[in-house]
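The residues making up each chain are set out below.
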Amino acid sequence: MSKILIKNGRVIDPANRIDAQADLAIADGKIVGLVGDDFSADQIIDAANQIVCPGFVDMSVRLREPGQTQKGNILGESRAALAAGVTSLCLPPDTQPVIDTPAVVEFIKDKAEKAEYPQIHPVAALTQRLAGSELSTMFALKQAGCIAVGNASAPLANLLILRRAMEYAGSHGLLLMYRANEASLSGKGCAHEGAVASRYGLPGIPEAAESIALAQCLELAELTGCRVHISQVSCRQSVIKIQQAKKYGLNVTADVAVHQLHLTENDITPFDSNYHVIPPLRNDIDRQYLRDGLANGTLDAICSDHQPHDLDAKLGAFPETEPGIAALETLLPLTLAYARQHGLSLARAIASLTEKPAGILSLNAGSLTPGCPADVCVFDPEYLWRVERGQWLSAGCNTPYWGQTLTGRVTHTLLGGRLAYRLPPG
């Protein structure tokens, strides 16, 4: 493979506490390190006035394959991931068919190889068919290549199933990724239970649907010793409970979807289903707790929670549409906006997309350590761009940021030392 030199950039590598103006060398698909003028390169990338950092690790990305290729596929969505600087991603188990057999895992791995995006890490279903009652064959799924087990957004039949799942996962050293939701409380809700839902007559989802399920999960995690990651936290009570759990030594981590750091129930317009997400957009107090929780380390990582949909899925009355945002390509600018608004350093913001999620998932990623795979993101933090179809690679056009101008854009993404994405000129 060719030797690549990324020159004149500001190199930020939170894992190695590097923040310096330097040149980064890559050879044979691996990081060589910060070098001087004596490195002989076959290709030079000029990163003047740009940031050079590890490729991003996204903990929740739906690719819609297998099973829902009218919404997207592995080839197309992986191209969107590269344009977003994402070089490793977790695929939740709610594909069709569900990721509950080694055959489905093999199918995904084969598609990933053909797309030249091998670092798609499937999350195994916690229960067979995600039906909530019978545990999946976790050990076989781990051997097939699953990085963790999870319930996506599917409910479990009872707490005994969750306890047994934690015991099984813990005995095989598997991370359990849990989306906290008490289905009997959330019902068929589509918005935060509050003033906005009442005003528009939308079925509400109370914060308690998340915080009660989270409290039960934390109790069982303490009982079983299982390592648990809480996915897509959305409310104040959840942040408080996670903070207390960490204070008393529980082995728990958590992430937040990037749109939850910006949008609230007050942004919802009742006829725009791009604001229909689960967990729902909460109130201003919840958003502030999420922002503070990320800044103080209670929440560990930011994810996109990318969920592309076709046009039909978002047509109809707000409660009847499918929830989710196509969020990969807005991940970086929204993270940068959060950092600016909250007074967070660029290094801390980048860590929530690189070092932190890679550590949670035990991946050899998220750093620029010499000898590690050369997964690198180069971005211009001041680049202004308009969210519109000509600038969009995901098959999903379901974003509430349509037509808005955002700041920050990936210009180059290297995957395993190969230049996999370059921002088109203009």
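All figures in this text were calculated on a predicted structure; none of them were measured in a lab.

K.L.:
Looking at this structure, I do not really get the side chain of Asp 23. What am I missing?
P.N.:
Tracing the sequence through the fold places Asp 23 in strand S2 (residues 18-27). What makes Asp 23 buried here is its relative accessible area of 12%. Separated by 3.4 Å, the side chains of Asp 23 and Lys 7 make a polar contact. Beyond its immediate chain neighbours, meaning those up to four positions away, Asp 23 contacts Leu 5, Ile 6, Lys 7, Asn 8, Gly 33, Leu 34 and Val 35.

K.L.:
When you look at the pairing of strand S7 (residues 86-91) in this model, what are you seeing that I'm missing?
P.N.:
The two faces of a sheet get side chains in turn, since along a regular strand they alternate between them. Counting buried positions along S7 gives six out of six residues, so the element sits mostly inside the fold. Pairing between strand S6 (residues 56-58) and S7: three bridges, direction parallel. In the strand pairing of S7, Val 57 is matched with Ser 88. For S7 and strand S8 (residues 120-125), the ladder comprises three bridges, and the chain directions are parallel. Looking across to S8, one finds that Leu 89 is bridged to Ile 120.

K.L.:
What is the right way to read the nonpolar core from this model?
P.N.:
The tendency in soluble globular proteins is for nonpolar side chains to be buried as a group. Among the nonpolar cores identified, the biggest contains 98 residues, and Val 86, Ile 120, Met 166, Tyr 178, Ile 230, Leu 299 and Phe 379 are the most heavily contacted of them. Setting aside residues no more than four positions away along its own chain, Tyr 178 makes contact with Asn 151, Leu 156, Leu 162, Ala 213, Cys 217, Val 228, His 229, Ile 230 and Ser 231.

Rules of the game
- Residues numbered from 1 in each chain as written.
- Predicted model: local features only at pLDDT ≥ 70, side-chain atom pairs only at ≥ 80, totals over all residues.
- Heavy atoms only, no water.
- Helix = DSSP H or I, 4+ residues; strand = E, 2+ residues; numbered from the N terminus.
- Buried < 20%, exposed > 50% of the residue type's maximum accessible area, 1.4 Å probe, protein only.
- Polar contact = N/O pair within 3.5 Å; in protein donor to acceptor, adjacent residues only side chain to side chain.
- Contact = heavy atoms within 4.5 Å.
- Pairing = 2+ DSSP bridges.
- Core = buried A, V, L, I, M, F, W, Y, C linked by side-chain atoms within 4.5 Å.

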